[in-house]
Amino acid sequence: ARDAAEPADETELAIEGALRPMSLAEFVGQQKVRGQLQLLLDAARIQERAPDHILLSGPPGLGKTTLAMIVAHESGRPLRLSSGPAIQHAGDLAALLSSLTPGEVLFIDEIHRMARSAEEMLYLAMEDFRIDIMVGKGAGATSIPLDLSPFTLVGATTRSGLLPNPLRDRFGFTAHLEYYEPEELERVVERSAAMLNVDLPRSARAEIARRSRGTPRIANRLLRRVRDYIVVHGSASSSGVDLGTVRAALELYDVDDIGLDRLDRAVLDALVRRFRGGPVGLGTLSVAVGEESDTIESVVESYLVRIGFIGRTPRGRIAMPEAYAHLGVPHPDGALR
Ligand code: ADP
């Protein structure tokens, strides 16, 4: 159901890969996190050891995978990619960890979805580079210790609140990625446009940035849709791509004026019209729009809260006056006055 924020097919994934910055210097925005990571990498290099374990949290598409790749690239270490849902038993993790080469960077995406039994194994692995493998059952069960090569774990999660404290505490460095400012996204679009050979005036780049929900992945995706549109229709004016071309292209993809997509609008609509502005629980809201509550919380709600459309209260989510205005529905308080 999610169009703009998730990678679509293989071609799209390949382009996404090609647009990934390979160094911290090329990585746009997130200045504080970049500075902290640079220090961490420099310290590891000077002391000739594997960098500390790193936890990155934040909504999809903000650069967590990219940063993991940069950590590997900048420290000259190989990278192994895995994900929480792929680790459903402690055995899956044991196989993964015991096959790492010395100093390898292990990226585990959606680490909050890893099996509980594997989580416990990971504690010891992160701390002592050692795991205990259980053999046998019941009274005859014994554990066989296994030494691992030192590695750097980079964990990514859209929901850091779901990580058990003992796991979170074992990361030497944790960073939360924030949504990007329009100026930063404009730089992402500028960089990608140059790489894709699309010639766009500044106003067109700014329009794409403004409608990208603070998310570089979406900025790149919208840029490609605009490029497709230009390939098929040509640009509207003889002097090149104008704002109208960009707007026409984005309209085709259900991206509204401020970058909200269908799911964002469905959630707002349910909250404002069906639940009369709330408060309403997240579970109820996700059932109403037919989407997993995990997605609603980490993707939709986090952005709508950030732009001040939704408020979180102890009794549930409420619609803010800005949400009414955007939908063109009169605010109840306004009607009373
Ligand atoms: P996540 O792992 O958080 O879902 P990714 O690291 O896969 O996000 O990033 C998605 C896309 O957005 C990548 O193709 C990458 O090129 C681009 N991107 C993300 N962050 C940045 C950034 N800071 N600067 C430039 N491009 C970025």
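Within each chain, residues carry numbers counting from 1 in the order of the written sequence. Whole-chain, interface and lining totals are the exception, using all residues; otherwise, since this is a predicted model, local features are given only for residues with pLDDT of at least 70 and side-chain atom pairs are given and counted only at 80 or more.

1. Focus: the site of the ligand
Placing the C-beta atom from the backbone, one calls a residue near a molecule or strand if that atom lies within 6 Å of it. Around the ligand sit 20 residues in total, of which Gly63, Lys64, Thr65, Thr66 and Pro216 are the nearest. Sorting the residues of the shell around the ligand by element identifies α3 (64–74) and α9 (216–233) as the ones contributing at least two each. The residue inventory of the shell around the ligand, partitioned by class, reads nine nonpolar, seven polar and four charged. Secondary structure elements are taken from DSSP: a helix is a run of H or I of four residues or more, a strand is a run of E of two residues or more, and numbering for both begins at the N terminus. Amino acids outside the nonpolar list (Ala, Val, Leu, Ile, Met, Phe, Trp, Tyr, Cys, Pro) and the charged list (Asp, Glu, Lys, Arg) are all regarded as polar, and Gly is one of them.

2. Quick look at the nonpolar core
Each nonpolar core reported here comprises buried Ala, Val, Leu, Ile, Met, Phe, Trp, Tyr and Cys residues connected via C-beta atoms within 7 Å. Neighbour counting defines burial: a residue surrounded by 20 or more other C-beta atoms within 10 Å of its own C-beta is buried, one with 12 or fewer is exposed, and intermediate counts give partly exposed, using backbone-placed C-beta atoms. Ala68, Val71, Val154, Ile208 and Ala219 are the most contacted members of the largest nonpolar core, which totals 74 residues. Dropping the residues within four chain positions of it, Val71 is found in contact with Leu37, Leu41, Pro51, Ile54, Val105, Thr152 and Val154. By definition, residues are in contact whenever their C-beta atoms, placed on the basis of the backbone, come within 7 Å of each other.

3. Focus on the sheet that holds strand β3 (residues 105–109)
Judged by pairing direction, the sheet is parallel, and its five strands sit side by side in the order β2-β3-β6-β1-β7 without closing on themselves. On the outer flanks of this sheet lie β2 (79–83) and β7 (173–176), each paired with one strand and no other. Geometrically, the sheet is characterised by an average inter-axis angle of 15° between neighbouring strands, direction not taken into account. Any two strands between which DSSP finds at least two bridges are classified as paired. In this description, a line fitted to the C-alpha atoms serves as the axis of each element, helices being fitted only across the stretch in contact, and the angle between N-to-C directions of two axes falls anywhere from 0 to 180 degrees.

4. Observations concerning helix α8 (residues 202–210)
Three or more residues of α8 are buried, namely Ala204, Arg205, Glu207, Ile208 and Ala209. Buried residues belonging to α8 abut α7 (182–195), α9 and α10 (243–252).

5. Describing the UniProt feature "binding site: Mg(2+)" (unreviewed entry) in the protein chain
UniProt positions are given in the numbering used here, feature names are shortened, and annotations may be inferred rather than shown by experiment. On the UniProt side, "binding site: Mg(2+)" (unreviewed entry) is annotated at positions that read Thr65 here. In this structure Thr65 touches Phe107, Asp109 and Ala156, once residues within four positions along its chain are discounted.

6. Here we look at the packing of helix α11 (residues 262–274) against helix α12 (residues 282–289)
In the contact formed by α11 and α12, the axes pass within 10 Å of each other and the chain directions differ by 115°. Taken as a pair, α11 and α12 cross one another with a handedness that is right-handed. The residues of α12 that touch α11, namely those facing Leu263, Ala266, Val267, Ala270, Leu271 and Arg274, are Leu285, Ala288 and Val289. Residues that form the contact of α11 with α12 fall into these classes: eight nonpolar, no polar and one charged. Less than a right angle of anticlockwise turn of the near helix away from the far helix marks a crossing as left-handed, whereas a clockwise turn marks it as right-handed.

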